[in-house]
Amino acid sequence: MATAISANKAELIAIANAVASEKMIDKGIVIEAMEDAIQRAARARYGAENDIRAKLDPNSGDLRLWRVVEVVEQVDDYYKQIDIKGAEKLQKGAAIGDFIVDPLPPIEFGRIAAQAAKQVIFQKVRDAERDRQFDEFKDRQGEIITGVVKRVEFGHIVVDLGRAEGVIRRDQQIPREVVRVNDRIRSLILNVRRENRGPQIFLSRAHPDFMKKLFAQEVPEIYDGIIEIKAAARDPGSRAKIGVISHDSSIDPVGACVGMKGSRVQAVVQEMQGEKIDIIPWSPDTATFVVNALQPANVSRVVIDEEEDRIEVVVPDDQLSLAIGRRGQNVRLASQLTAKAIDILTEADASEKRQKEFVANSELFQNELDVDETLAQLLVAEGFGALEEVAYVELDELAAIEGFDEDLAQELQSRAQEALDRREQAARDERRALGVDDALAEMPYLTEAMLVTLGKAGVKTLDDLADLATDELVEKKRAEPRRRGDDAPRAAPKGGILAEYGLSDEQGNEIIMAARAHWFTDEEEPAADTAEAQAEGDEA
């Protein structure tokens, strides 16, 4: 009998060692799971109301089983309490309030108890394995990992990573790439999430960072930090662009990424299933970078609209199709690379646009300043495009225009200011007609024109304004780049209510906080009234 017991002990420890080794988890976790299973079986044998503990020696396999009871003066719960007389039999010197151990004999597992214990152990081990997988991969986001294709389910590729499984969802695959079971595949660890069914490791072969990491593996200068990839954009499976800069003036960043006879870039291209890659020099100057990003097209000039966060690029007529690319691919990638909306215009388009702006601004000055066409055109030719520019420019700058003198400059500024005052009054009247409270006019940065816009959007009181978030108020509008010949309807660009006025996020936040100030004032007033009433009561 002793031999049988010894064999069982050795078998328990051997099982614990084998499971810990196979699942690559701590042996202590397996021993703890076994103890938990034995405790549950013992509670089923002796009663679930008992506080039963089990201890399995990880070296010898010896099992101890006991019940914990509290020493009390009068027993109310016979499962968890014992009187002082019974306690003395178990432990000499026991006092009321002590917790003592009541040893229990080993139990024999029946079929049902053994099955339940097996389930408990499996669950504990499975949870420990999931925690180990999550801990192993949670800090590896952004790394490239190699795995073996295990299966393809509903278009999603399940990859065996050795100690875990990852999935490449359909939208993160390279289009038209053929993948078979047991193929070795490289991918980027995009995200690791802890979920009920275990850690989910999401992989990607379509993300721009996958291309960046491939270049870092192929180009030692990038790995060493001498060359840096500042921006990347991809149309997976078709074309990509990367902007690179060298921190060593003696090293050409483009040449280093291309490699001898294109060996380095070709290694990346092959891994990305023949995706064409444009390697362009990055520049801190936005205009220069945009010109580079639109390669191979030649650019005549670049106009940056900082308020709208857009860039207007003018190209020769014969370069238009090259600049736009097939299905707009070239300009779309350039837009992603520079994080700017890009409008492509030909020389003829740009000339027509400038002519329309010239005529519109000339008519504005003629009507608002009450001047003749020649004088209005002269102002536009000198770069004036708005009444504010005429009203608030330095007088000397206005008087320095050929044919102008100081008296004429003063008269023009006076008329411009009067015109702005008329606009302000008209906007004020419209704002009041919309029912916008005068209290909003006291908010910082808000003009009457802005208040009219707020009123049309239904924001008419301080509470209406205070309820807005900063992005709802001032977020800039963003739209897809418009290209020549693209007449398809597009959704209206989204943005804050006051997006057209170019307010910054800081200004928007200041406006909203000023609108909320009365909330805190209202909270303080009742407290002040209570204090006054208390003082009057004390005097009485």
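Preceding block: the structure.
Residues numbered from 1 in each chain as written. Predicted model: local features only at pLDDT ≥ 70, side-chain atom pairs only at ≥ 80, totals over all residues. Heavy atoms only, no water.

> Sorry if this is basic, but what is going on with the side chain of glutamate 221 here?
Its place among the elements puts glutamate 221 in helix 6 (residues 220–223). Here the side chain of glutamate 221 touches arginine 264 through a polar contact of 3.1 Å, side chain to side chain. Not counting residues within four places of it along the chain, the set of residues in contact with glutamate 221 comprises Ile226, Ile227, Ile251, Ala256 and Arg264. (Helix = DSSP H or I, 4+ residues; strand = E, 2+ residues; numbered from the N terminus. Polar contact = N/O pair within 3.5 Å; in protein donor to acceptor, adjacent residues only side chain to side chain. Contact = heavy atoms within 4.5 Å.)

> How should I be thinking about the packing of helix 12 (residues 347–369) against helix 16 (residues 406–433) in this particular structure?
Each packed pair of helices is defined by two parameters, the angle between the axes and the distance between the axes. Axis separation between helix 12 and helix 16 bottoms out at 9 Å; the angle between their running directions is 90°. Between helix 12 and helix 16, the angle falls in the class roughly perpendicular. In contact with Leu364, Glu368 and Leu369 of helix 12, helix 16 contributes Leu412, Arg415, Ala416, Ala419, Arg422 and Arg423. In the contact of helix 12 with helix 16, the residues fall into 5 nonpolar, no polar and 4 charged. (Axes fitted to C-alpha atoms, helices over the stretch in contact; angles between N-to-C directions. Parallel < 35°, antiparallel > 145°, perpendicular 65-115°, else oblique. Nonpolar A, V, L, I, M, F, W, Y, C, P; charged D, E, K, R; others polar.)

> Hey, could you run me through a negative patch on the surface in this one?
Taken together, Glu394, Asp396, Glu397, Asp405, Glu406 and Asp407 make up a surface patch of like negative charges. Elements with a contribution of two residues or more to the negative patch: helix 15 (395–399) and helix 16. Here aspartate 396 lies in helix 15. Under the relative-accessibility criterion, aspartate 396 is labelled exposed at 64%. (Patch = residues over 30% accessible without salt bridge, like charges linked within 9 Å, V, L, I, M, F, W, Y side chains within 5 Å. Areas by Shrake-Rupley, 256 points an atom, 1.4 Å probe, with all protein chains shown as cover. Salt bridge = Lys/Arg side-chain N within 4 Å of Asp/Glu carboxyl O. Lys, Arg positive; Asp, Glu negative; His and termini not counted. Charge placed at Lys NZ, Arg CZ, Asp CG, Glu CD. Buried < 20%, exposed > 50% of the residue type's maximum accessible area, 1.4 Å probe, protein only.)

> What is the right way to look at helix 12 in this model?
Residues that lie three or four places apart on an α-helix share one face, since the helix turns once every 3.6 residues. Over its 23 residues, helix 12 runs 32 Å from end to end, which matches the ideal 33 Å to within 8%, given 1.5 Å per residue. Every buried residue of helix 12 is listed here: Asp349, Ala350, Ser362, Phe365 and Leu369. In this structure, the buried residues of helix 12 make contact with strand 13 (301–305), strand 14 (310–315), strand 15 (341–346), helix 13 (373–381), helix 14 (387–392) and helix 16. (Expected span 1.5 Å × (residues − 1).)

> Sorry if this is basic, but what is going on with the environment of glutamine 266 here?
By the element assignment, glutamine 266 lies in helix 8 (residues 263–271). Judged by its relative accessible area of 40%, glutamine 266 is partly exposed. The spacing of glutamine 266 and glutamate 218 is 48 residues in sequence and 9.8 Å in space, taken between C-alpha atoms.

> Help me out: how do you make sense of the packing of helix 5 (residues 208–218) against helix 8 in this one?
In contact at an axis separation of 9 Å, helix 5 and helix 8 are set at 140° when each is read in the N-to-C sense. Classified by the interaxial angle, the pair formed by helix 5 and helix 8 is oblique. Here the hand of the crossing between helix 5 and helix 8 comes out right-handed. Between helix 5 and helix 8, the residues in contact are Phe210, Leu214, Phe215 and Glu218 and Arg264, Val265, Ala267, Val268 and Glu271, respectively. Taken together, the residues of the contact of helix 5 with helix 8 break down into 6 nonpolar, no polar and 3 charged. (Left-handed = near helix turned anticlockwise from the far one by under 90°.)

> Explain helix 13 here, please?
All of the buried residues along helix 13 are Leu375, Ala376, Leu379 and Val380. Angularly, the buried residues of helix 13 cover 140° about the axis, an arc narrow enough to put them on a single face. Turned more than 90 degrees away from the buried face of helix 13, the exposed residues are Thr374 and Ala381. Those residues of helix 13 that are buried are in contact with helix 12, helix 15 and helix 16. Just beyond helix 13, the residue with positive phi is glycine 383, at close to 100°. (Arc of directions from axis to C-beta.)

> Please explain the sheet that holds strand 15 as it appears in this structure.
Hydrogen bonding along the main chain pairs the strands of a sheet, whether they run parallel or antiparallel. Strands sit in the order 13-14-15 across an open sheet of 3 strands; the sheet is mixed. Lying at the two open borders of the sheet, with one neighbouring strand each, are strand 13 and strand 15. If you compare each strand with its neighbour and ignore which way they point, the axes differ by 20° on average. Two strands pair when backbone bridges link them, and strand 14 and strand 15 are joined in this way by 6 bridges, in the parallel orientation. Pairing of valine 315 across the sheet is with threonine 346, part of strand 15. Docked against the sheet, helix 9 (residues 286–293) engages strand 13, strand 14 and strand 15, running at close to 125° with respect to strand 13. Contacts from helix 12 reach strand 13, strand 14 and strand 15 within the one sheet, and its direction differs from that of strand 15 by about 100°. (Pairing = 2+ DSSP bridges.)

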